[in-house]
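Take a look at the letters that make up each chain.
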Amino acid sequence: MHAILKEKGVNAVTTVPDFLQFALHDLVQNDADITYVECAAENQALTTAMGMYIGGMEPIVMVQNQGLLNCLNTLRSVGIDGAIPIVMFVGAFGREVSNLGKPLTESTRVMVSRTQPVTEGLGLPFHNIETPDDLPKIATAFDEARAAKRAAVVHFGFYPAWS
């Protein structure tokens, strides 16, 4: 994942840290070429990333599913109306082990089962990552966001591991 971020030119991360993505947080936080900013709330993470983008940087936003749903109006204003191609990395907080390998919409946890339909309802690309075979979807999300000038969501349905 870190290599894909580098390949896509990412040089900034704004986040309300998501424990599902701790391994990636560790890598980007210790990368001297990436500016890492912890925010107090997801709305702040999105608007800070927007400012970084306008200033010439290539940021991503890292949050959990609850945070994504918490900041829908800011996501709409920044990632749709504002035409800022922000890629959001979203962790599936609360996902049950029994749901792994199954559609997210079959989860019994509201935040897990509703994240994809809400994102797609906004007209934003949604890519679920669960296995190493899914990693090419990350580059696809960047390409889609940049081509359409709107946000895209990369959803981690399972914990990325340290390597």
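Let us now look at the state of the cysteines. Under the criterion given, the structure shown has 0 disulfides. Unpaired in terms of disulfides, cysteine 39 finds its nearest cysteine sulfur in cysteine 71, a separation of 11 Å.

Okay, a nonpolar patch on the surface next. A contiguous nonpolar patch, built from Phe19, Phe22, Phe93, Phe158 and Tyr159 and spanning about 470 Å² of accessible area, is present on the exposed surface. Along the chain, tyrosine 159 turns up in the segment after β6 (152-156).

By secondary structure assignment, the location of asparagine 70 is in helix α4 (residues 65-70). It is 27 Å that separates the C-alpha atoms of asparagine 70 and lysine 8, two residues lying 62 residues apart in sequence. If near-sequence neighbours (up to four positions away) are discounted, asparagine 70 is found in contact with Glu42 and Asn43.

All right, on to the nonpolar core then. By size, the foremost hydrophobic cluster in this structure holds 22 residues, and its most contacted members are Leu46, Val61, Val63, Leu68, Leu75, Ile86 and Met88. Broken down by secondary-structure element, the contributors of at least two residues to this core are α3 (42-54), β3 (59-64), α5 (72-81) and β4 (87-91). With residues up to four places along the chain from it excluded, the contact list for isoleucine 86 reads Leu46, Ala49, Met50, Pro59, Val61, Val78, Arg150, Ala151 and Ala152. Among the nonpolar cores identified, the runner-up in size contains 21 residues, and Leu5, Val28, Ile34 and Phe142 belong to it.

Cut-offs and rules
Residues numbered from 1 in each chain as written. Predicted model: local features only at pLDDT ≥ 70, side-chain atom pairs only at ≥ 80, totals over all residues. Heavy atoms only, no water. Disulfide = S-S within 2.5 Å. Patch = residues over 30% accessible without salt bridge, like charges linked within 9 Å, V, L, I, M, F, W, Y side chains within 5 Å. Areas by Shrake-Rupley, 256 points an atom, 1.4 Å probe, with all protein chains shown as cover. Salt bridge = Lys/Arg side-chain N within 4 Å of Asp/Glu carboxyl O. Helix = DSSP H or I, 4+ residues; strand = E, 2+ residues; numbered from the N terminus. Contact = heavy atoms within 4.5 Å. Core = buried A, V, L, I, M, F, W, Y, C linked by side-chain atoms within 4.5 Å. Buried < 20%, exposed > 50% of the residue type's maximum accessible area, 1.4 Å probe, protein only.

It is worth stressing that arrangement in space is one thing and function is another; only the former is reported here.
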